[in-house]
Amino acid sequence: MHATTSRKHRLTTIASAIALTVAATAVSLLAAQPAQAATICEQYGTVVAGSYVIQNNRWGTSATQCINTTSNGFSITQQDGVGSTSGAPVSYPSIFLGCHYSNCSPSSPLPKQLSTIGTANSSISYSYPGSGTYNASYDIWLNADTNVSGVQDTEIMIWFNRQGSIQPIGSQTGTASIAGRSWAVWTGSNGANNVVSYLFTGSIINSLSFDVMDFVRDTFTRGSQYGNSSWYLTSVQAGFEPWIGGVGLTVNSFSAGVTTGGGTQPPGTPGTPTASNVGSSSASLSWSASSGTVSSYLIERATGASSTSFSQIGTSSSPSFTDSGLAANTTYRYRVRASNSAGTSGYSGVVNVTTTGGGTQVPGTPGTPTASGVTSSGASLSWSASSGTVSGYLVERATGASSTSFSQIGTTSSTSFTDSGLAANTTYRYRVRASNSAGTSGYSGVVNVTTTGGGGGSGCTTTASVQSQWNNGYVMQVTVTNTGSTSINGWSSTATLPSGHAHTGSWPQAAVVSGQNVTQTNQNWNGALAPGQTASWGFQASRPNGNTALPTTFSCTAS
């Protein structure tokens, strides 16, 4: 199963851009300018190659991957990751034109509204090794607005080659004849965006010149959920998705460009405002400027921490604004959009701002505790400090992996606490809140801690970190640790998803899903762990739009 989270990562640029000025009314066929060859092994390392960006994008594995870049292509020289063929690939090394998670190629003509594009001609040449499990894929990304800071709304994938038992997202729903080739058309969703895939039929494709817009127009015939001519083309990308192997996969050459109809377009979406100089009756806001021509920014406000009743309170010709005449001890919500003669941008994100009232306020919510030094009878906890004045932290505990019967077990003036006198092989749950003379904060997130077996026994713990996340989904890397004093021969690790979240994929093998519990068991090559040794697995999940919760409940059983 192909998973499209491989492009859901912010990028770290490792080379400076070569600027290329393009007239707005001219044909912008962007041929790469000479660029010094580079070797990229950093997980999300990038290099600018003339008018394009080349990215390593090793998103699905901690194993090493390296690519050698050229002026308009690259080759995989090392790829040590192994992905499950029923799950996601390990990476998506690629070369792109446009904007990818706010990283834009030099003098990029994208994002560009589809209705203003005449042609979007592209050419690609690939070379393939004799072994491995991979695809050669060309990605076309569409979005309902010009916001390129996160996941885009529709992904169009063109599969030029497929080796091994892998397949596109969803199921085959039709066929198409485009660019002189026949394609099997697959449609589906990965939980974060809609996906339309064009899988080659007949012989594999080593090179092809085509108009990107031919695939876009065919996609729109597959359903209104995939977009329309008012949407934007935000990037085109050519590369590979390896599951196993992949050394020798090469983009020999790549070119892409668009023709433009000219004229002003609506501005890009501005950044989410941030607040400063918050007093009892005023607050200052600032945000990242929109792309394109901006005549003014329209500032809207709602009163109340969860209110959606926004109304415009002012305009600004710069990306900043000061609001005055506010009530003390009151939460206001702000959002911004940009305008010009062609229309208005999409709304920025929303920021909540609470005015002061003079005197001490309740502390902010502390961070979710993390555990260390777990033994058969004790565990140490630490957490991020609360904002504001803190007199002390109140530590609460519940016994049992899903128990909600918390009771206070101690206090501390610092952001750490050690609990002792615990039972061996038992799961405990901890949460923390801060207090001062004005009251107590909200509760932190909950962490589950399982004590070891003690007395030479065995045990394991499950911890997790966010590998990437977006508005309605996330990818988590899970670590299983032998916390006992003897070796274990196997393990079963469980992550509990918050209510409303749904499992959409896992690796290195398919997990067992029961309700909100996602359980991965060891394979024959990673089950035996000496004391202190670790194994890892991962999963992807979807969540309701606007829900920012992440799993906090984990457990592990050793065998």
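Our structure is the block above this text.
In short, a report on the structure.

Basis of the calculations
- Residues numbered from 1 in each chain as written.
- Predicted model: local features only at pLDDT ≥ 70, side-chain atom pairs only at ≥ 80, totals over all residues.
- Heavy atoms only, no water.
- Helix = DSSP H or I, 4+ residues; strand = E, 2+ residues; numbered from the N terminus.
- Rg over C-alpha atoms; globule rule 2.2 N^0.38 Å.
- Contact = heavy atoms within 4.5 Å.
- Lys, Arg positive; Asp, Glu negative; His and termini not counted.
- Charge placed at Lys NZ, Arg CZ, Asp CG, Glu CD.
- Phe/Tyr/Trp six-rings, centres within 6.5 Å; stacked < 30°, edge-to-face > 60°.
- Buried < 20%, exposed > 50% of the residue type's maximum accessible area, 1.4 Å probe, protein only.
- Pairing = 2+ DSSP bridges.
- Axes fitted to C-alpha atoms, helices over the stretch in contact; angles between N-to-C directions.
- Disulfide = S-S within 2.5 Å.
- Salt bridge = Lys/Arg side-chain N within 4 Å of Asp/Glu carboxyl O.
- Polar contact = N/O pair within 3.5 Å; in protein donor to acceptor, adjacent residues only side chain to side chain.

## Concerning the overall build of the chain
Link 1 in the chain: Secondary structure summary: the chain contains one helix and 43 strands in total.
Link 2 in the chain: Against the compact-globule benchmark of 24 Å for 559 residues, the chain has a radius of gyration of 26 Å, which places it among compact chains.
Link 3 in the chain: Taken along its principal axes, the extent of the C-alpha atoms in the chain is 70 × 65 × 45 Å.
Link 4 in the chain: The contacts of the chain with a sequence gap of at least 6 include a subset with a gap of at least 24, amounting to 68%.
Link 5 in the chain: Averaging the locations of the 18 positively and 14 negatively charged side chains of the chain gives two centres separated by 6 Å.

## Remarks on the packing of aromatic side chains
Link 1 in the chain: A full pass over the atoms with the stated rule returns 17 aromatic pairs.
Link 2 in the chain: Between the aromatic rings of Tyr52 and Phe254, the centroid separation amounts to 5.0 Å while the plane-to-plane angle is 75°, which identifies the pairing as edge-to-face. With Tyr52 in strand β5 (residues 52–55) and Phe254 in strand β19 (residues 250–258), this pair connects stretches of sequence that are 202 residues apart. Each member of the pair, Tyr52 together with Phe254, is buried.

## A few points about the sheet that holds strand β42 (residues 534–542)
Link 1 in the chain: Read from one edge of the open sheet, four strands run β36-β37-β42-β39, paired in antiparallel fashion. For this open sheet the edge positions go to β36 (460–470) and β39 (502–507), each flanked by a neighbour on one side alone. Put simply, the sheet's adjacent strands are angled 25° from each other on average, direction ignored.
Link 2 in the chain: Of the strand pairs in this sheet, strand β37 (residues 473–482) and β42 are connected by nine bridges, and their pairing is antiparallel. Note that in β42 the partner of Tyr474 across the bridge is Ala541.

## Digging into the state of the cysteines
Link 1 in the chain: Taken as a whole and judged by the stated rule, the model has three disulfides.
Link 2 in the chain: At a sulfur-sulfur separation of 2.0 Å, the disulfide partner of Cys460 is Cys556. Since a negative S-S torsion denotes a left-handed disulfide, the Cys460-Cys556 link at about -100° is left-handed. Of this pair, Cys460 sits in strand β36 while Cys556 sits in strand β43 (residues 553–558), placing them 96 residues apart in sequence. When sorted by exposure, Cys460 lands in the same class as Cys556, which is buried.
Link 3 in the chain: Disulfide connectivity for the chain, with bonded cysteines indexed by sequence position, reads 1-2, 3-4, 5-6.

## Observations regarding the environment of His100
Link 1 in the chain: The topology assignment puts His100 in strand β8 (residues 94–100).
Link 2 in the chain: On the accessibility criterion, His100 (4% relative accessible area) is buried.
Link 3 in the chain: Measuring from C-alpha to C-alpha, the distance between His100 and Ala37 comes to 22 Å, with 63 residues separating the pair along the chain.

## Focus on unusual backbone geometry
Link 1 in the chain: Note the cis peptide between Leu110 and Pro111, where omega equals 5°.
Link 2 in the chain: By secondary structure assignment, the location of Pro111 is in the loop between β9 (103–104) and β10 (112–113).
Link 3 in the chain: With an omega of 10°, the peptide bond running from Trp507 to Pro508 counts as cis.
Link 4 in the chain: Inspection of the secondary structure assignment puts Pro508 in the loop between β39 and β40 (512–514).
Link 5 in the chain: The phi dihedral of Tyr101 falls on the positive side, at around 50°, and the residue is not glycine.
Link 6 in the chain: Within the secondary structure layout, Tyr101 lies in the loop between β8 and β9.
Link 7 in the chain: A positive phi is found at Ala179, a non-glycine position, where the angle reads about 55°.
Link 8 in the chain: By secondary structure assignment, the location of Ala179 is in the loop between β14 (171–178) and β15 (181–189).

## What to know about the side chain of Arg429
Link 1 in the chain: Tracing the chain through its elements places Arg429 in strand β33 (residues 427–436).
Link 2 in the chain: Buried charged residue Arg429 carries no salt bridge. Nearest counter-charge: Glu396, at 11 Å.
Link 3 in the chain: Only 2.9 Å separates the side chain of Arg429 from the side chain of Asn448, close enough to count as a polar contact.

Don't take any of this as a statement about function, it's just geometry.
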